[in-house]
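Close look at the chain arrangement
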Amino acid sequence: MNRFLFLLAGVILVFASCKKADYQKVTHNPELYRATVKKLNDIVLENNFPPVIASRNYVYANIAAYEVIAAGDPTHYRSLAGQIKHLTKAPQPEKGKEIDFEFASLLSFCFVGNAVTFPEGSMNLYVDELKQKVKDAGMPSDVFENSVAYSDSVAKHIMAWSKKDNYAQTRSASKYTVNRKDGRWIPTPPMYAQALEPHWGEIRTMVLDSASQIPAAEPPPYNMTDKNSVFYKAVMEVKQMADSLTTDQKNMADFWDDNAFKLNVIGHASFATKKFGPAGHWMNIAGIGSKIKKADFGTTVAAYTGASIALFDAFINCWYVKYKANSVRPETVITKLIDPEWRPRIQTPPFPEYISGHAVISAAAAEVLTHSFGDKIAYTDSSETEFGIPPRSFPSFRDAAQEAALSRVYGGIHYKNACIIGNMSGRKIGDLVNEKLKLKIK
């Protein structure tokens, strides 16, 4: 009889272990985290979040997920508390309560993603499906409840911190006043939209001491009367390049266009098309890097988090420079003084030209992803295929960032200098993020 009870206990133990392994195969799979980030990316796209705000959506959601991972595995990951601006230590897990930290990190990501996007509850259906998936995989009810409770406590902590970043205050800040003096930015066709987020340089940074910490040289002074001036030559370079693009250069401009909301005008009809913005594109690239390197769950979360912090700070720095320089776009100069019918290949976005946002944020993200996954990681980026744009292959993240910068000249929306300087600034920001943030404990 005792032998029977012993064998029965062994069978129950084996069964319980198998069930545990089953649900952990689901929750510990980094592909599930990549899919969750992609879900937020889709919501950002569907609801027309402009690039700078999109970067805010991604960064807080990823940080919430990372803080759960760091709490669950403190021997391998450091909390970001004390490493980034004003973030205090998140609630710690209660001793004696079993928590699936990977599952909790996914829920924290979704909780914050829901809170910083709109319409409210955009991720609710996805969260319900996620919870049902782990239940179907056999997660015990106590582990499920403990994980949900802990994820909520961390997410609420991150949300409270996020609300002090000056975002709410900038919603009611003064609107940009257009200065029509030669050389200054003015709205461009076809939308003639008002300046986008002129106060974004006032948002609280995370790693940078301030928005102005990484300075950019002054752009060349406006001068269209002297054909030998640096500015005149820069304008003509854009026009000549845009007027004689090769097929690959056209593909390059289209691939990195990343216009979250493009207004298409045909005769009297108009319609909008949407794509991932620059930050969303680099979130996709972070996922590609994770997959190529077969990174585990924690490494994947850490890589997304580091990249999103770099993107966030890079946008703040870039927008500070943009509205300080207040430089005119090539389209404005060319159509006014050279060819009234000229149009760039891609649509000119509604904010000043100098420096190139794509150049800055791409270089910053590339440095962090290089730090996370290694240099010379060759990859094919197929994240734009859902918009009918063919994939492109790159020998490294840095090469992709350099192409992203140059693509803006081919697209006809930036002078080359703005892209060169922007790439340099972005690399400095990425280096600073890598230097200051110590996520993984070696």
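**With respect to the overall build of the chain**
- Scanning the chain for helices and strands turns up 15 helices and 4 strands.
- Taken against the 2.2 N^0.38 rule, which gives 22 Å for 442 residues, the C-alpha radius of gyration of the chain at 24 Å falls within 12% of a compact globule.
- The principal-axis extent of the C-alpha atoms belonging to the chain is close to 100 × 45 × 40 Å.
- For the chain, the residues scored as buried account for 56% of the 442 residues in total.

**Observations concerning the pattern of salt bridges**
- Under the criterion given, the structure shown has 18 salt bridges.
- Measuring nitrogen to oxygen at the nearest pair gives 2.8 Å for the salt bridge that ties Asp-165 to Arg-56. Of this pair, Asp-165 sits in the loop between helix H6 (141–162) and helix H7 (167–171) while Arg-56 sits in helix H3 (residues 51–72), and the two are 109 residues apart along the sequence. For the pair Asp-165 and Arg-56, a shared accessibility class is recorded, and that class is buried.
- Its salt-bridge partner being Arg-392, residue Asp-248 comes within 3.1 Å of it at the nearest N-O pair. Here Arg-392 lies in strand E4 (residues 392–394) and Asp-248 lies in helix H9 (residues 247–255), a separation of 144 residues in the sequence.
- A network of salt bridges, in which partner residues are shared, links Glu-367, Asp-375, Arg-398 and Arg-427.

**Considering helix H5 (residues 124–136)**
- An ideal rise of 1.5 Å per residue puts 18 Å on 13 residues; H5 measures up with 18 Å between its terminal C-alpha atoms.
- Two residues or fewer after H5 comes Gly-138, characterised by a positive phi angle close to 100°.

**What about the side chain of Arg-34?**
- The topology assignment puts Arg-34 in helix H2 (residues 30–46).
- Residues in contact with Arg-34, not counting those within four places in the same chain, are Gly-287, Ser-290, Lys-291, Thr-300 and Tyr-304.

**Observations concerning the environment of Ala-404**
- Mapped onto the fold, Ala-404 is located in helix H14 (residues 397–410).
- Residue classification places Ala-404 among the buried positions, given a relative accessible area of 0%.
- When the C-alpha positions of Ala-404 and Trp-256 are compared, they lie 5.8 Å apart, and in sequence the two are 148 residues distant.
- Beyond its immediate chain neighbours, meaning those up to four positions away, Ala-404 contacts Trp-256, His-358 and Ser-362.

**Here's the deal with the environment of Lys-233**
- Of note, Lys-233 is situated in helix H8 (residues 230–243).
- Counting along the chain gives 41 residues from Lys-233 to Lys-274, while the straight-line C-alpha distance between them is 33 Å.
- Not counting residues within four places of it along the chain, the set of residues in contact with Lys-233 comprises Lys-227 and Asn-228.

**Here we look at H2**
- Spanning 17 residues, H2 covers 25 Å between terminal C-alpha atoms, matching the ideal 24 Å at 1.5 Å per step.
- Most of H2 sits out of view: 12 of its 17 residues are buried.
- Within H2 the residues assigned to the buried category are Pro-30, Leu-32, Tyr-33, Arg-34, Thr-36, Val-37, Leu-40, Asn-41, Asp-42, Ile-43, Val-44 and Leu-45.
- A side-chain oxygen of the first residue of H2 lies 2.9 Å from the backbone nitrogen of Glu-31; this N-cap is Asn-29.
- Directly after H2, the chain includes Asn-48, whose backbone phi takes a positive value near 60°.

**Some thoughts on the side chain of Asp-100**
- Among the secondary structure elements, Asp-100 is positioned in the loop between H3 and helix H4 (101–116).
- Judged by its relative accessible area of 4%, Asp-100 is buried.
- Side chain to side chain, Asp-100 and His-28 meet in a polar contact 3.3 Å long.
- Residue contacts for Asp-100: discarding those within four places in its chain leaves Tyr-23, Gln-24, Thr-27, His-28, Met-139, Val-143 and Ser-147.

**Concerning unusual backbone geometry**
- For the bond running from Phe-118 to Pro-119, omega is 0°, close enough to zero to count as cis.
- Along the chain, Pro-189 connects to Pro-190 via a cis peptide bond; the corresponding omega equals 0°.
- Examined against the element boundaries, Pro-190 turns out to sit in the loop between H7 and H8.
- Phi at Asn-166 takes a positive value of approximately 80°, unusual for a residue other than glycine.
- Position of Asn-166 relative to the elements: it lies in the loop between H6 and H7.
- Of note, Asp-258 is a non-glycine position whose phi angle comes to about 50°, a positive value.

**Quick notes on the nonpolar core**
- Residues Ile-63, Trp-200 and Trp-282 are the most contacted members of the largest nonpolar core, which totals 143 residues.
- Among the elements that make up this core, the one with the highest residue count is helix H11 (residues 297–325) (18 residues).
- The residues contacting Trp-282, other than those within four sequence positions of it, are Trp-256, Leu-311, Ile-361, Ser-362, Ala-365, Ala-366, Leu-369, Phe-397, Ala-400 and Ala-401.

Rules used in this analysis
Residues numbered from 1 in each chain as written. Predicted model: local features only at pLDDT ≥ 70, side-chain atom pairs only at ≥ 80, totals over all residues. Heavy atoms only, no water. Helix = DSSP H or I, 4+ residues; strand = E, 2+ residues; numbered from the N terminus. Rg over C-alpha atoms; globule rule 2.2 N^0.38 Å. Buried < 20%, exposed > 50% of the residue type's maximum accessible area, 1.4 Å probe, protein only. Salt bridge = Lys/Arg side-chain N within 4 Å of Asp/Glu carboxyl O. Expected span 1.5 Å × (residues − 1). Contact = heavy atoms within 4.5 Å. Polar contact = N/O pair within 3.5 Å; in protein donor to acceptor, adjacent residues only side chain to side chain. Core = buried A, V, L, I, M, F, W, Y, C linked by side-chain atoms within 4.5 Å.

Spatial relationships are all this shows, so hold off on functional conclusions.
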